[in-house]
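Residue strings, one per chain:
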Amino acid sequence: MEWMTNLGQIMALLMIGIALGMDAFSLGIGIGMQKLSWAQISKISITIGIFHILMPLIGMVIGHFLSTFIGDIATWVGGIILVMLGANMLWSSFLSNKAHVLDQTVGIGLFLLAFSVSIDALSVGLSLGLFSADFLFVVLLFGIIGGAMTALGLTLGDKIGDWLGDYGEALGGIILLVFGIKFLV
């Protein structure tokens with residue numbers, strides 16, 4: 001019967017990993033509409049996967065006594081960052097000169113994107129720190145699922161972007177804005 005308990009725990013962790021990866025998947029669709037190369041899709045997916053490893057690990061280390069306080073702050077910070085990224089993307093879709101726009105596929109833009117879609121994993125990590133879960137298994141599982149769901153969203157967004165043409169980037173910005181506002185409300 002112990003294997004049934006372990007299987008139940010693994011299934012629960014898989015569902016949590018998928019739930020955490022849904023933000024990355026959804027936002028990946030919006031960002032993927034920018035016509036990204038496979039190298040960019042790989043870089044974004046790996047970066048978000050790494051953040052989906054680091055954030056719950058940090059949360060597990062911090063401990064459960066701060067979970068409520070940090071969870072509320074994490075949601076607000078993630079929402080604000082997503083609103084800023086979405087507004088930036090929307091703004092850039094209307095500019096002919098895109099030199100002054102924050103690129104979400106490299107540098108600080110990629111860091112902010114990965115941080116914002118992984119911040120909820122910090123709160124989950126804080127909660128999981130209360131249980132006797134195998135930390136390495138949990139964070140690797142979350143990282144693999146987050147990275148895979150990001151790649152799937154970016155690839156799907158690329159296909160949708162073909163269909164939408166020039167309006168794809170604007171729609172992607174709107175998606176980021178809506179998710180950011182959802183976090184803030």
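Bear in mind the structure is a predicted one, so any value in this text is a computation, not a measurement.

> I'd like to hear about the overall build of the protein chain, residue by residue, with values.
Within the protein chain, the regular secondary structure consists of six helices and zero strands. Split into buried and exposed, the 185 residues of the protein chain put 47% on the buried side. As presented, the protein chain carries roughly 9600 Å² of accessible surface, and 76% of it is formed by carbon and sulfur atoms.

> Describe the nonpolar core, with residues and values.
Membership of the largest hydrophobic core comes to 35 residues, with the highest contact counts inside it found for Ile44, Ile48 and Leu113. Counting only elements with at least two residues in this core, the list comes to α1 (2–32), α2 (38–62), α3 (67–94), α4 (107–128), α5 (135–164) and α6 (168–184). Top contributing element to this core by residue count: α4, with nine residues.

> Lay out the environment of Ile29 in plain terms, naming residues and giving numbers.
Position of Ile29 among the secondary structure elements: in helix α1. Considering only alpha carbons, one finds Ile29 and Ile175, 146 residues apart in sequence, at a separation of 8.6 Å. In this structure, Ile29 is in contact with Gly153, Leu154, Leu156, Gly157 and Ile160, ignoring residues within four places of it in sequence.

> Please provide a residue-by-residue account of α2, values included.
Over its 25 residues, α2 extends 36 Å from the first C-alpha to the last, a length consistent with the 36 Å expected when each residue adds 1.5 Å. Where α2 is concerned, the buried positions are Ile41, Ile44, Ser45, Thr47, Ile48, Gly49, Phe51, His52, Met55, Pro56, Gly59 and Met60.

> Before we move on, could you go through the confidence of the model for the protein chain and cite the residues and values that matter?
The predicted coordinates of low-pLDDT regions are not to be read in fine detail. For the protein chain, mean pLDDT is 77; residues scoring 70 or higher make up 70% of the total. Within the protein chain, α2 carries the highest mean pLDDT (89), whereas α3 carries the lowest (68).

> Any chance you could break down the side chain of His52 for me, citing the residues and the numbers?
Inspection of the secondary structure assignment puts His52 in helix α2. Look past the residues within four positions of His52 in its chain and what remains in contact with it is Leu20, Gly21, Ala24, Val117, Ser118, Val139, Phe142, Gly143 and Gly146.

> Talk me through the packing of aromatic side chains; I want residue IDs and the actual numbers.
Applying the stated criterion across every chain yields a total of two aromatic pairs. Considering the side-chain rings of Phe51 and Phe111, the 5.4 Å spacing of their centres and the 75° angle between planes classify their relative orientation as edge-to-face. Of this pair, Phe51 sits in helix α2 while Phe111 sits in helix α4; the two residues are 60 residues apart in sequence, bridging distant segments of the chain. Judged by centre distance (6.3 Å) and plane angle (15°), the ring pair of Phe111 and Phe115 falls under stacked. Of this pair, Phe111 and Phe115 both sit in helix α4, four residues apart, which is roughly one turn of the helix. For Phe111, a relative accessible area of 41% corresponds to the partly exposed category. For Phe115, a relative accessible area of 21% gives the class partly exposed. Counting every residue linked through ring pairs, the aromatic cluster contains Phe51, Phe111 and Phe115.

> How would you sum up the side chain of Ser118? Please name residues and give values.
Here Ser118 is to be found in helix α4. Owing to a relative accessible area of 0%, Ser118 belongs among the buried residues under this scheme. With residues near it in sequence (within four places) discarded, Ser118 still touches Ile48, Phe51, His52 and Met55.

> Describe in detail a nonpolar patch on the surface, supporting the description with residues and values.
Taken together, Ile46, Ile50, Leu54 and Ile58 make up a surface patch of nonpolar side chains, about 360 Å² in accessible area. Considering the arrangement of structural elements, one finds Ile50 in helix α2.

About the thresholds
- Residues numbered from 1 in each chain as written.
- Predicted model: local features only at pLDDT ≥ 70, side-chain atom pairs only at ≥ 80, totals over all residues.
- Heavy atoms only, no water.
- Helix = DSSP H or I, 4+ residues; strand = E, 2+ residues; numbered from the N terminus.
- Buried < 20%, exposed > 50% of the residue type's maximum accessible area, 1.4 Å probe, protein only.
- Areas by Shrake-Rupley, 256 points an atom, 1.4 Å probe, with all protein chains shown as cover.
- Core = buried A, V, L, I, M, F, W, Y, C linked by side-chain atoms within 4.5 Å.
- Contact = heavy atoms within 4.5 Å.
- Expected span 1.5 Å × (residues − 1).
- pLDDT = per-residue confidence, 0-100.
- Phe/Tyr/Trp six-rings, centres within 6.5 Å; stacked < 30°, edge-to-face > 60°.
- Patch = residues over 30% accessible without salt bridge, like charges linked within 9 Å, V, L, I, M, F, W, Y side chains within 5 Å.
- Salt bridge = Lys/Arg side-chain N within 4 Å of Asp/Glu carboxyl O.

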